[in-house]
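# A look at the structure
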Amino acid sequence: MPAGRNLSEQQRRRIAKRREAAAGQARQGIILSHLGGRLEVEDASGEVVRCHARANLPQAVTGDRVEWRLEAAGGGVVTDLAPRHNEFGRADANGRFRPIAANIDLVLTVFATVPETDMSVIDRYLVAIELLGLDGLLVLNKTDLPPANPERLSRMTAIYRELGLELIEVSALTGDGVDALAARLEGLAAVVVGQSGVGKSSLLNRLGGRDWAATGDLDAYRRGGAHTTTAARLYHLPGFDLIDSPGVREFNLGHLAVEAVIDGFVELRALAGQCRFRDCSHRREPGCAIRSAAESGEVSPERLRSYARIVDSLR
């Protein structure tokens, strides 16, 4: 029998009066997640209430700071969104930018020994991070498993380290490297992104010390994992906050102009102004400083090919 049926009429009236007194009082909170058309809002005391948003508000995302009010009938309503310090997101199917998380200190781009990840896939995230002015951290997961392509993975991690990008190697299964990652995240709010199957939710659970998020079974982990996260959700882990985001096959940059992509490749951007032609495509034109640098080994040919793949996808 539902607990509500055990309440006396006097208790019901008392609860109703408390709700009426609380209704209309503005509260501050943070968006933990979306559940269909509802938002999970956490207030300063740690209480979580399902709310709906006023129709005139912009789209709220996980990590947004909001003002909300309790409703006498139960639940709450989000009445205002605080300005965001920053946001991370990608393009939707129509090429419009869609935020995934707000007010973050770090973006963790997770890839794995299996399934094999093409460099241009990781570079899509790095372009978005760079153009949004955010700090990023690369995380190589599943180091307990032999890589699908050892030579390519070794070359890729070497290139990123030569670029000065921070990269931490971990195993969500054995825990190797997880303490170092947790220490790096101390006191921060971070969002975890990456392709489906790289073990983002498994890593979150290992960092948190218990099963916070749904994961696939061990066989799925070894094959390349499974798509288990369906909506971005914020978790308060020991020492830091982590937003788990849904995995995708391809991180969509369709909201970007082709000309903007070069600015996401820091080492190529520095050379672009030295090309003979201002509208150089960095493919076949004579006097291309970027192509010359790739031929001499000053920049990695793999990164130039990655840039070309991303540009082709936008065209």
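The present account deals with the structure reproduced in this document. (Residues numbered from 1 in each chain as written. Predicted model: local features only at pLDDT ≥ 70, side-chain atom pairs only at ≥ 80, totals over all residues. Heavy atoms only, no water.)

### Details of helix H2 (residues 119-131)
The following threshold applies: Each helix corresponds to a stretch of at least 4 residues labelled H or I by DSSP, and each strand to a stretch of at least 2 residues labelled E; elements are numbered beginning at the N terminus. Take the number of residues in a helix, subtract one, and multiply by 1.5 Å to get its expected span. We call a residue buried when its accessible area falls under 20% of the maximum for its residue type, exposed when it is over 50%, and partly exposed in between, using a 1.4 Å probe and counting protein chains only. Residue contacts are counted whenever heavy atoms from the two residues lie within 4.5 Å of one another.
Between its first and last C-alpha atoms H2 spans 18 Å; for 13 residues at 1.5 Å apiece the expected length is 18 Å, and the two agree. Counting buried positions along H2 yields eleven of 13 residues, so the element is predominantly enclosed. Buried within H2 are the following residues: Met 119, Ser 120, Val 121, Ile 122, Asp 123, Arg 124, Tyr 125, Leu 126, Val 127, Ala 128 and Ile 129. In the core, the buried residues of H2 are packed alongside strand S6 (87-91), strand S8 (106-112), strand S9 (136-141), helix H3 (150-162), strand S11 (189-193) and helix H9 (301-314). Just downstream of H2 lies Gly 133, where phi reads positive at about 70°.

### A look at the packing of aromatic side chains
Stated formally: Here a pair means two rings of Phe, Tyr or Trp (six-membered ring of Trp) with centres within 6.5 Å. Their orientation is stacked below 30 degrees between planes, edge-to-face above 60, and tilted elsewhere. For a Lys NZ or an Arg CZ to count as sitting over a ring, it must be within 6 Å of the ring centre and within 35 degrees of the ring normal.
Summed over all chains, the structure comprises three aromatic pairs. For the pair Phe 88 and Phe 251, a centre-to-centre distance of 5.6 Å together with 20° between the ring planes defines the contact as stacked. Placement of the pair is Phe 88 in strand S6 and Phe 251 in the loop between strand S13 (240-244) and helix H7 (266-272), with a sequence separation of 163 residues. For the pair shown, Phe 88 and Phe 251 are each scored as buried. Between Phe 265 and Tyr 307, the aromatic rings sit 5.8 Å apart at their centres with planes inclined by 85°, giving edge-to-face as the arrangement. Of this pair, Phe 265 sits in the loop between S13 and H7 while Tyr 307 sits in helix H9, and the two are 42 residues apart along the sequence. Note on Phe 265: relative accessible area 0%, which makes it buried. The class for Tyr 307 is buried, based on a relative accessible area of 8%. Looking at Arg 233, its charged tip hangs above the ring of Tyr 235, at a distance of 6.0 Å from the centre.

### Let's talk about the pattern of salt bridges
Formally: Salt bridge, as used here, is a side-chain nitrogen of Lys or Arg placed within 4 Å of a carboxyl oxygen of Asp or Glu.
Taken as a whole and assessed by the stated rule, the structure comprises 16 salt bridges. With a shortest N-O distance of 3.7 Å, Arg 309 and Asp 118 are connected by a salt bridge. Placement of Arg 309 in helix H9 and of Asp 118 in the loop between S8 and H2 is noted, with a sequence separation of 191 residues between them. Judged by its relative accessible area of 42%, Arg 309 is partly exposed. Here the salt bridges do not stand alone but share partners, grouping Arg 27, Asp 43 and Glu 47 into one network.

### Focus on the environment of Val 127
On the secondary structure map, Val 127 appears in helix H2. A relative accessible area of 0% means that Val 127 is categorised as buried. Separated by 135 residues in the primary sequence, Val 127 and Ile 262 have C-alpha atoms spaced 8.5 Å apart. Not counting residues within four places of it along the chain, the set of residues in contact with Val 127 comprises Leu 253, Leu 256, Val 261, Gly 264, Phe 265 and Ile 310.

### Section: unusual backbone geometry
In this model, Val 114 is joined to Pro 115 through a cis peptide bond whose omega is -5°. In this structure, Pro 115 sits in the loop between S8 and H2. A positive phi angle is found at Lys 142, which is not glycine, with a value near 65°. In this fold, Lys 142 is placed in the loop between S9 and H3.

### Looking at the state of the cysteines
Going by this rule: By convention in this document, the label disulfide applies to cysteine sulfur atom pairs within 2.5 Å.
Counted by the stated rule, this structure contains zero disulfides. As a non-bridged cysteine, Cys 280 has Cys 288 as the owner of its nearest cysteine sulfur, 3.7 Å distant.

### Describing the nonpolar core
The criterion, for reference: The term nonpolar core refers to a set of buried residues drawn from Ala, Val, Leu, Ile, Met, Phe, Trp, Tyr and Cys, joined through side-chain atoms within 4.5 Å.
Phe 88, Ile 104, Val 107, Phe 111, Tyr 160, Leu 268 and Tyr 307 are the most contacted members of the largest nonpolar core, which totals 51 residues. Of all the elements, H2 adds the most residues to this core, at eight residues. Setting aside anything within four residues of it in sequence, one finds Tyr 307 in contact with Val 261, Ile 262, Phe 265, Leu 268, Ser 281 and His 282. Counting 23 residues, the second largest nonpolar core, distinct from the first, contains Leu 106, Val 110, Val 198 and Phe 240.

### Notes on helix H4 (residues 178-185)
As a reminder of what qualifies: For this quantity, the arc is that covered by the directions from the helix axis to the C-beta atoms.
Along H4, the residues that are buried comprise Val 178, Leu 181, Ala 182 and Leu 185. End-on view of H4: buried residues confined to an arc of 100°, all on one side of the axis. The exposed residues of H4 that point more than 90 degrees off its buried face are Asp 179 and Ala 183. Packing partners of the buried residues in H4 comprise S8, S9, strand S10 (167-169), S11, helix H5 (200-208) and S13.

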